[in-house]
Each structure stands twice: as C-alpha cells, then as structure tokens.
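Residues per chain are reported as follows:
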Amino acid sequence: DLHSFPTRRSSDLRLLCNKTIEISQNFLRNNPTFPKKTQLYFTKTIADHYRYIYEINNEEDIKLKSKDYYEKSLQYIKECKYTSTETPYLTFYLNYSVFLHDTMKNTEEAIKVSKTCLYEALKDTEEIVDNSQKDIVLLCQMLKDNISLWKTEFNEGNNDNRRSEERRVGKECR
C-alpha cells in the first residue's frame, strides 16, 4: 500500500536508529576503559542517531538525549587532541553544527562552530596526510556550503524580522 510507505519507512528508520543506539550504549557500558577516541566514536554515533530520530518525530525528550550525547562528545573531542585536519574532528564538527542548526534552531551558533572548524582546518593544511586529503577537502566543502546556506537563511530571517518590525512600527505611527 503506497499510502503507508512513508510511515513504514519512518518506522523502519527509527527501529534501525534505536538498534544502533542500543549497540553503541552497550559497547560503552561494557568497555569503559577503551581509548577516548573509541568512546568519542560511539558517543557521537548515539548523538547522531538520536538526531535522526528527532528529525522523524520531533519529540522533545529525543532532542534532549541527542544534545546530551553531543555535549559528551564535545568533551571527548577536546580530550582526544585531534588536529583540525583529521577526519574524525571535521566529521564531528560538521554533524554537531547540523545539530545546532536543524535540531536546536541555533543558526548563529551553527555558523560560528562551522567557521571555527573550517578556518582551523584551512590554517593547518600542511598537516594533511595524502591518503585522507579527498575526505578533508569534501568535509571542508560541506562546512563551507552549510555556512553559505545558513548565512543566507539567517540574513533572510533577520530581514523578515526587520520588515515585520518596520510594518508594525509603521502601523503604530499611522
């Protein structure tokens, strides 16, 4: 039945995300002494998958779980001392900025995080290892694209707010 396809697909996606979260949580629970980089990977995976579920159903408790795991991931990323051109570093900040924009509706912070990550990576380009260069270029391009898109949205939103305010003030002055 074509009418039930979107619901079925959403249900399947939620099931897969929940399974990934469960596996990742079990791994973290059963391996608390694993290196921080491994813990970061699984914590970020959980945060990302809660974000995917939130995109399906907009449940506030799911958003808060995603936020909690991104905050834990932020601690791990600082402890791991990645260089700004390492793929896990760029991937984390790309996903985190999308979370800030799409889930938390904080475009200004998403732009700030993306810019900081991108500028740090561009500054440290001499540290790029040849076999990861394509990934790094792609991730930097995605950060740059998001910044451009979000700036446009942000500016249009501010212009809409100004126009709305001008209309309101204009009406009050009449």
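As shown above, the structure is provided for reference.
Residues numbered from 1 in each chain as written. Predicted model: local features only at pLDDT ≥ 70, side-chain atom pairs only at ≥ 80, totals over all residues. Heavy atoms only, no water.

A.B. asks: Residues and numbers for the packing of aromatic side chains, please.
C.D. replies: Within this structure, the stated rule accounts for 11 aromatic pairs. Through pairs of rings, three or more aromatic residues link up here, namely Tyr70, Tyr89, Phe92, Tyr93, Tyr96 and Phe99. One Lys or Arg, lysine 72, reaches over the ring of tyrosine 69 and ends 4.5 Å from the middle of that ring. (Phe/Tyr/Trp six-rings, centres within 6.5 Å; stacked < 30°, edge-to-face > 60°. Lys NZ or Arg CZ within 6 Å of the ring centre and 35° of its normal.)

A.B. asks: Go over the nonpolar core with me, naming the residues and quoting the values.
C.D. replies: In terms of nonpolar packing, the biggest core is built from 40 residues, with Ile77, Tyr89, Leu90, Phe92, Tyr93 and Tyr96 touching the most fellow members. No other element matches the nine residues that helix 4 (residues 87-103) contributes to this core. Residues in contact with leucine 90, not counting those within four places in the same chain, are Ser84, Thr85, Cys117, Ala121, Ile136, Leu139, Cys140 and Leu143. (Core = buried A, V, L, I, M, F, W, Y, C linked by side-chain atoms within 4.5 Å. Buried < 20%, exposed > 50% of the residue type's maximum accessible area, 1.4 Å probe, protein only. Helix = DSSP H or I, 4+ residues; strand = E, 2+ residues; numbered from the N terminus. Contact = heavy atoms within 4.5 Å.)

A.B. asks: Could you give an account of the packing of helix 4 against helix 5 (residues 107-123), naming the residues involved and the relevant values?
C.D. replies: Direction vectors running N to C along helix 4 and helix 5 enclose 165°, while the axes themselves pass 7 Å from each other. Our classification of the angle between helix 4 and helix 5 gives roughly antiparallel. Read as a crossing pair, helix 4 and helix 5 show a hand that is left-handed. On helix 5, the residues that touch Tyr89, Leu90, Tyr93, Tyr96, Ser97, Leu100 and His101 of helix 4 are Thr107, Glu109, Ala110, Val113, Ser114, Cys117 and Ala121. Residue composition of the contact of helix 4 with helix 5, by class: nine nonpolar, four polar and one charged. (Axes fitted to C-alpha atoms, helices over the stretch in contact; angles between N-to-C directions. Parallel < 35°, antiparallel > 145°, perpendicular 65-115°, else oblique. Left-handed = near helix turned anticlockwise from the far one by under 90°. Nonpolar A, V, L, I, M, F, W, Y, C, P; charged D, E, K, R; others polar.)

Functional significance is not addressed by these values, which are geometric in nature.
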